[in-house]
Amino acid sequence: QCRDENTKWGEWLRQALDEVGIPSDHGHANFILARFADPATAEAADVYLQTRGLVVRNVAGYGLPEFLRITVGDEIACRAVATTLTEFTNGARA
């Protein structure tokens, strides 16, 4: 059941972010790598998510400064991340 839910909401989150211009790499893990235009935008998105109580992983230390690692959670968490990043792409900042 967990694997099925992860697949379902991971794909949903990837698609929701793609629709607002945040592509992500497809994988088979419990997270997605959301790709931003540059490291500064990824950092600003991370800060904005934190202001909404959403913690993701900045992976600059792994050589991926323009990415954020976002764990696929349940429906509520995935919708919160998608909504917050939609606000961010529409100009909202911390």
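Let us look at the structure shown here.

Reading the values: rules and limits
- Residues numbered from 1 in each chain as written.
- Predicted model: local features only at pLDDT ≥ 70, side-chain atom pairs only at ≥ 80, totals over all residues.
- Heavy atoms only, no water.
- Helix = DSSP H or I, 4+ residues; strand = E, 2+ residues; numbered from the N terminus.
- Contact = heavy atoms within 4.5 Å.
- Buried < 20%, exposed > 50% of the residue type's maximum accessible area, 1.4 Å probe, protein only.
- Polar contact = N/O pair within 3.5 Å; in protein donor to acceptor, adjacent residues only side chain to side chain.
- Expected span 1.5 Å × (residues − 1).
- Arc of directions from axis to C-beta.
- Axes fitted to C-alpha atoms, helices over the stretch in contact; angles between N-to-C directions.
- Parallel < 35°, antiparallel > 145°, perpendicular 65-115°, else oblique.
- Nonpolar A, V, L, I, M, F, W, Y, C, P; charged D, E, K, R; others polar.
- Pairing = 2+ DSSP bridges.

Things to note about the side chain of S24
Mapped onto the elements of the fold, S24 is located in strand 1 (residues 24-25). Not counting residues up to four positions away in its chain, the partners in contact with S24 are R14, I32, L33 and A34.

Brief notes about the side chain of T84
With respect to the helices and strands, T84 occurs in helix 3 (residues 75-89). A relative accessible area of 6% means that T84 is categorised as buried. A polar contact is formed between the side chain of T84 and the backbone oxygen of A80, at a distance of 2.8 Å. If we ignore the near neighbours within four places in the chain, the residues touching T84 are Y48, L49, R52 and L54.

Comments concerning helix 3
Over its 15 residues, helix 3 runs 21 Å from end to end, which matches the ideal 21 Å to within 8%, given 1.5 Å per residue. Residues of helix 3 that are buried: C78, V81, A82, T84, L85 and F88. End-on, the buried residues of helix 3 take up no more than an arc of 170 degrees, which puts them together on one face. Where helix 3 is buried, its residues meet helix 1 (2-19), helix 2 (39-51) and strand 4 (67-71). Residue G91 follows helix 3 closely and has a positive phi angle near 110 degrees.

Details of the environment of R79
Tracing the backbone through its elements, the reader meets R79 in helix 3. Between the C-alpha atoms of R79 and W12, which are 67 residues apart in sequence, the distance is 9.1 Å. Excluding residues within four positions of it along the chain, R79 makes contact with W9 and W12.

Structural notes on the packing of helix 1 against helix 3
Where helix 1 contacts helix 3, the two axes come as close as 10 Å, and the packing angle between them is 10 degrees. The orientation of helix 1 relative to helix 3 falls into the category roughly parallel. For the pair helix 1 and helix 3, the contacting residues are W9, W12, L13, A16 and L17 in the first and E75, C78, R79, V81, A82 and L85 in the second. Counted by class, the contact of helix 1 with helix 3 contains 9 nonpolar, no polar and 2 charged residues.

What about the pairing of strand 2 (residues 31-35)?
Pairing between strand 1 and strand 2: 2 bridges, direction antiparallel. Paired with D25 across the bridge in strand 2 is L33. The antiparallel pairing of strand 1 with strand 2 creates a hairpin that spans 5 residues between the two strands. Taken together, the 5 bridges between strand 2 and strand 4 define a ladder with antiparallel strand orientation. The residue bridging R35 from the neighbouring strand is F67, located in strand 4.

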